[in-house]
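Here is how the chains run, residue by residue.
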Amino acid sequence: MGRDVFYITTPIYYANDVPHIGHAYNAVNTDFIARYHRLRGERVFHLTGTDEHGLKVQRAAEANGVSAKEWVDSLEPRWREVWARLDIAYDDYIRTTEPRHYDAVAKILQAVRDNGRDDIYLGHYEGLYCVACEAYYVEADLLEGALCPVHERPVESFREDNYFFRLSAYADRLLAHYEAHPDAVQPETRRNEVLALIRGGLQDFSISRTTFGWGVPLPWDPDHVTYVWFDALTNYITAAGYAGDPDRFSSMWPANVHSIGKDILRFHAVYWPAMLMAAGLEPPTQVWAHGYLTVGGKKMSKTNLTGIHPFELVDRFGVDSYRYYWIRHIAWGSDGDFSWESVVERHNADLANGLGNLASRVLAMLGSYFGGVVPGSDEPGAEGDLPAVIADAAARYDACMTAVELQQAVVAVWSIVDRLNGYLVEREPWKVAKDPERRAELAAVLYASAESLRVLAVLIQPIMPGAAQRLWEQLGQPGLVVDQRLPAAVAWGLLEPGATTFKGESLFPRVDPE
Ligand code: MSP
């Protein structure tokens, strides 16, 4: 594992177009994991970036009448603006066109070339190529003998001299690696898929091209540029300091988690560890493959999913609701369906009527009965089972995050929302408030309620950082909620009596289904 840090990566996204909700799906969930590890007090390094070379990008540039470099330079800010608005707290943004990356690609290529086993050799390639995948196919893989199985578009026939990587020599070592590290590919179904692929026999793959120039030249034969995967995958070691900073590299590598979509599993769980082994480097600790989004039950296409820019949703529901939806709605690892109806439903049920309403009721009562000042509690036991429910939820949350069961992690946190709602129904502070003799009871019940909200603010921060901070401030808490650490911050009773609360704007305004 990353030795001194929790090192987690997203894939680098193709800079042929702007992000759509499928890309942002990966980014949000990966950010949730990274934020949770920070909350637990770990040093985290969260890497994202753009994959800027290759034929796909070059063709997008040509279609827009600009050079490839101009094209990727114009797109990079379009990706960053989305991550900024989605509160994606990455620590580094890598572009494959950066000098540090050219250095790392040259270094790994040379290391493999010089490893004494002839693992990179010159050959000829004649094959069927899908530009959208940036991958060659054999005819048996194609739909109706002619279409790419992923994109259902015609493949193209290419013939050229290529350098090859001797993947075929790595089957046994890969199998031994996965046997020794049963968690190295998750979830289980994906691990089985990878094992089957390896057992089915591995073919050497082409790593260089001569028919286009938009890539990193091979150090020993600059007429060739590296083919997309040797370039793209290497980003993960570039950012860890592979080429320029050996100390940093040895403290960072191997990465803890490569978070990817299932479509690029083969490259991450077969090609990449073999490439690293060939270069004398350790494979990543874990590759975590999530499912694919469909839209209204249909496979994504230009006209549906890729037509939906994340801002279309964020403008209507807010960024916190956006993040919550993707984490809560689809089990990380399974395919899942997006629909506008389901976004509205989750927003109104779980957030506006759920957590949002709960917070505004408690804050309103604190305002009306105690002038907004958190009262002291001197009725022992008035908090009922809330501390136990919180301790249990925090423990389940932690276990789910360790197991990368992100949806269930949210469910665990929501058990506090549900219990606090139940507690208020049982204790009826609005009735207690009518009896001046029950002032101490009123204070104790509202203290317990506000304290539970404080804990909720801490726990929802990795999911909805903006809403968490607003709730934190409404509860009169100093500083930033993001600076809180587990488990200390969820100990019962940290809310100081005397803090000044206010019922600010609703955390999640209800959205009209129309
Ligand atoms: N550039 C390569 C990855 C190189 S990583 C060394 C690439 N880029 S991509 O832009 O096509 O995809 C980036 C990520 O977005 C992938 O993990 C992919 O699975 C994810 N998604 C793209 N469309 C998606 C959906 N419809 N649903 C879920 N994830 C999707 O592949």
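No experiment lies behind these values; they were computed from the predicted model shown. Here, residues in each chain are numbered from 1, in the same order as that chain's written sequence. Totals for whole chains, interfaces and linings use every residue, but because this is a predicted model, local features are given only for residues with pLDDT of at least 70 and side-chain atom pairs only at 80 or more, for both listing and counting. Just so you know, side-chain values use all the structure's heavy atoms and leave hydrogens and water out.

Visitor: Could you give me a rundown of the overall build of the protein, with the residues and numbers involved?
Guide: Secondary structure elements follow DSSP: runs of H or I of four or more residues count as helices, runs of E of two or more count as strands, with numbering from the N terminus. Assigned secondary structure in the protein consists of 18 helices and 16 strands. In terms of C-alpha radius of gyration, the protein reaches 26 Å, essentially the compact-globule figure of 24 Å for 514 residues. If you line up the protein on its principal axes, its C-alpha atoms span 90 × 50 × 40 Å. Buried, partly exposed and exposed residues are distinguished by accessible area as a fraction of the type maximum, computed with a 1.4 Å probe on protein chains only: under 20%, between the cut-offs, and over 50%, respectively. In the protein, buried positions account for 58% of the 514 residues. Expressed as a percentage of contacts within the protein between residues at least 6 apart in sequence, the contacts between residues at least 24 apart total 77%. As a reference, a globule follows 2.2 Å times the number of residues to the power 0.38, and the radius of gyration itself is taken over C-alpha atoms. Should any heavy atoms of two residues lie within 4.5 Å, those residues are counted as being in contact.

Visitor: Just give me the short version of the nonpolar core, but keep the residues and values in it.
Guide: In a soluble, globular protein the nonpolar side chains are often hidden away together inside. Tyr7 and Phe165 are the most contacted members of the largest nonpolar core, which totals 188 residues. Looking at which element gives the most residues to this core, the answer is helix α17 (residues 439-460), with 14 residues. Apart from the residues lying within four places of it in its own chain, the contact partners of Phe165 are Val112, Asp119, Ile120, Tyr170, Asp204, Phe205, Ile207, Phe230, Ala274, Met275 and Ala278. As used here, the term nonpolar core means buried Ala, Val, Leu, Ile, Met, Phe, Trp, Tyr and Cys residues forming a set that is joined through side-chain atoms within 4.5 Å.

Visitor: Which residues make up the sheet that holds strand β13 (residues 286-290), and what values do they have?
Guide: For two strands to count as paired, DSSP must find a minimum of two bridges between them. Taken together, six strands build an open sheet; the order of strands is β3-β2-β1-β12-β13-β7 and the sheet is parallel. With partners counted over all chains shown, the strands left at the sheet margins are β3 (92-95) and β7 (185-186), one partner each. When β7 meets β13, the two strands line up parallel, connected through two bridges. Of the residues in β13, the one forming a bridge with Gln186 is Trp288. Lines fitted to C-alpha atoms define the axes here, with helix axes fitted over just the stretch in contact, and angles between the N-to-C directions of these axes take values from 0 to 180 degrees. Docked against the sheet, helix α3 (residues 68-85) engages β1 (6-14), β2 (44-51) and β3, running at close to 155° with respect to β3.

Visitor: I'd like a description of α3, backed by residues and values.
Guide: By this rule, a helix spans an expected 1.5 Å times one less than how many residues it contains. An ideal rise of 1.5 Å per residue puts 26 Å on 18 residues; α3 measures up with 26 Å between its terminal C-alpha atoms. Buried within α3 are the following residues: Ala68, Trp71, Val72, Leu75, Glu76, Trp79, Val82 and Trp83. Along the axis of α3, the buried positions cluster into a sector of 135°, meaning they face one direction only. Contact partners of the buried residues in α3: β1, α1 (21-39), β2, α2 (55-63), β3 and α11 (310-317). Among the residues trailing α3, Asp87 stands out with phi positive, at a value near 60°. Directions are taken from the helix axis to each C-beta atom, and the arc is the one they span.

Visitor: Lay out the packing of helix α14 (residues 386-402) against helix α15 (residues 406-427) with the relevant residues and their values.
Guide: It is the contact of α14 with α15, at a shortest axis distance of 7 Å, that shows an interaxial angle of 170°. Taken together, α14 and α15 sit at an angle that is classed as roughly antiparallel. The residues of α15 that touch α14, namely those facing Leu386, Val389, Ile390, Ala393, Arg396, Tyr397, Cys400 and Met401, are Leu406, Gln408, Ala409, Ala412, Val413, Ser415, Ile416, Arg419, Leu420 and Tyr423. Three residue categories are used. Nonpolar comprises Ala, Val, Leu, Ile, Met, Phe, Trp, Tyr, Cys and Pro, charged comprises Asp, Glu, Lys and Arg, and polar comprises the others, including Gly. Grouping the amino acids of the contact of α14 with α15 by side-chain chemistry returns 14 nonpolar, two polar and two charged. If an angle is under 35 degrees, it is roughly parallel; if it is over 145, roughly antiparallel; if it lies from 65 to 115, roughly perpendicular; otherwise it is oblique.

Visitor: An account of the sheet that holds strand β11 (residues 221-226) is requested, with residue identities and associated values reported.
Guide: Spatial ordering of the open sheet is given by β9-β11-β10, a layout of three strands whose pairing is antiparallel. A strand with exactly one partner marks an edge of an open sheet, and here the two such strands are β9 (208-209) and β10 (217-218). Pairing of β10 with β11 involves two bridges; the strand directions are antiparallel. Looking at β11, one finds that Pro217 is bridged to Val225.

Visitor: Go over the pairing of β1, please, and point to the residues and values.
Guide: Counting buried positions along β1 gives nine out of nine residues, so the element sits mostly inside the fold. Bridge analysis of β1 against β2 gives seven bridges, and the strand direction is parallel. In the strand pairing of β2, Tyr7 is matched with Phe45. Since β1 and β2 lie parallel, the crossover through α1 that links them has a hand, and here it is right-handed. Pairing analysis gives two bridges linking β1 to strand β12 (residues 257-261), with the strands arranged parallel. By the bridge assignment for β12, Thr9 is matched with His258. By definition, the crossover connecting two strands over a helix is right-handed if that path, from the first strand to the second, turns clockwise as seen with the strands pointing away from the viewer.

Keep in mind that these numbers describe shape and distance, not what the molecule does.
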